[in-house]
Amino acid sequence: GENVEQHPSTLSVQEGDSAVIKCTYSDSASNYFPWYKQELGKRPQLIIDIRSNVGEKKDQRIAVTLNKTAKHFSLHITETQPEDSAVYFCAATQGAQKLVFGQGTRLTINP
Amino acid sequence: GAVVSQHPSRVICKSGTSVKIECRSLDFQATTMFWYRQFPKKSLMLMATSNEGSKATYEQGVEKDKFLINHASLTLSTLTVTSAHPEDSSFYICSARRTQGTEAFFGQGTRLTVV
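Basis of the calculations
Residues numbered from 1 in each chain as written. Chains lettered and ligands numbered in written order. Predicted model: local features only at pLDDT ≥ 70, side-chain atom pairs only at ≥ 80, totals over all residues. Heavy atoms only, no water. Pairing = 2+ DSSP bridges. Helix = DSSP H or I, 4+ residues; strand = E, 2+ residues; numbered from the N terminus. Axes fitted to C-alpha atoms, helices over the stretch in contact; angles between N-to-C directions. Buried < 20%, exposed > 50% of the residue type's maximum accessible area, 1.4 Å probe, protein only. Contact = heavy atoms within 4.5 Å. Polar contact = N/O pair within 3.5 Å; in protein donor to acceptor, adjacent residues only side chain to side chain. Phe/Tyr/Trp six-rings, centres within 6.5 Å; stacked < 30°, edge-to-face > 60°.

1. A look at the sheet that holds strand β3 (residues 19-25) of chain A
All names here are of chain A.
For step 1, the next point in the chain: Here we have five strands laid out as an open sheet, ordered β1-β3-β8-β7-β6, and antiparallel in their pairing. At either end of the open sheet lies a strand with only one pairing partner, and these are β1 (4-7) and β6 (56-59). Strand-to-strand twist across the sheet, computed as the mean angle between neighbouring axes with direction ignored, equals 15°.
For step 2, the next point in the chain: Sheet topology places strand β7 (residues 62-67) next to strand β8 (residues 72-77); six bridges connect them, and they run antiparallel. Within β8, the residue paired with A63 across the bridge is H76.

2. Some points on the environment of D49 of chain A
All names here are of chain A.
For step 1, the next point in the chain: Take D49: it is sitting in strand β5 (residues 45-51).
For step 2, the next point in the chain: In this structure D49 comes out as buried when scored by relative accessible area, which is 11%.
For step 3, the next point in the chain: Spatially, the C-alpha atoms of D49 and S85 are 19 Å apart, while their sequence positions differ by 36 residues.
For step 4, the next point in the chain: For D49, the residues in contact, after removing those within four places along its chain, are Y32, F33, P34, K57 and V64.
For step 5, the next point in the chain: Among the polar contacts listed, one links the side chain of D49 to the side chain of Y32, at a separation of 2.7 Å.
For step 6, the next point in the chain: A distance of 2.8 Å separates the side chain of D49 from the side chain of K57, its partner in a polar contact.

3. Brief notes about the sheet that holds strand β3 (residues 19-25) of chain B
Residues and elements named next belong to chain B.
For step 1, the next point in the chain: An order of β1-β3-β8-β7 is seen for the four strands of this open sheet, with the pairing classed as antiparallel. At either margin of the open sheet sits one strand with a lone partner, and together these are β1 (4-7) and β7 (67-73). Pairwise comparison of adjacent strand axes, ignoring direction, gives a mean angle of 15° for this sheet.
For step 2, the next point in the chain: The pairing of β3 with strand β8 (residues 76-81) spans six bridges and is classified as antiparallel. Its bridge partner being in β8, R24 is matched across the sheet by L76.

4. Quick look at the packing of aromatic side chains
All names here are of chain A.
For step 1, the next point in the chain: If you walk through the whole model with that rule in mind, you get twelve aromatic pairs over all chains.
For step 2, the next point in the chain: On the basis of an interplanar angle of 55° and a centroid distance of 6.0 Å, the ring pair of Y25 and F73 is categorised as tilted. In this pair, Y25 sits in strand β3 while F73 sits in strand β8, placing the two residues 48 residues apart along the sequence. Each member of the pair, Y25 as well as F73, is classed as buried.

In structure tokens:
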């Protein structure tokens, strides 16, 4: 089955700097890769996703890149703000199959 | 976006009792719903896949007689924690997808405390 590895587990950056979180997956059949942001005690919220037919997707300060050959995908947050502080999870799935989550990254933005 | 409502958001129960958690898709039909358990500062661990009108598919290591799942309609799945013990205390969260959809929408989660 699918296995998703996520790094780093914690990340601390200065406000205004960029943050990058990386994930690798094992199943070459996976074709959908969402990223979720979870604040303490809250539900995960989808922030961006990418499908396997695209190499990069951007939405304002957030971008995701996908390298199918290497089976890894990354989340990039630019011009970070204090409200970006949260736990971020990557995930991978094939079609409507179950989502397999990475271990999560606790991102802290320092003022 | 689609709305998934989970109830209750918090519950405290005594050891040995059972607790039912509901997950509803409010504005779409969900053939499949997923139940997760999340320990503090940990990732979401898939417990089972709930299929409307059929038996749930449980992940390895999850006791199906302990965690009963029922998906009686296209908008409702329930998770019942039977004979709860303190080690069952956790954050339980469901998600649902539109039929033929890929994006997963999450409920707000249920914090279960067994005393």
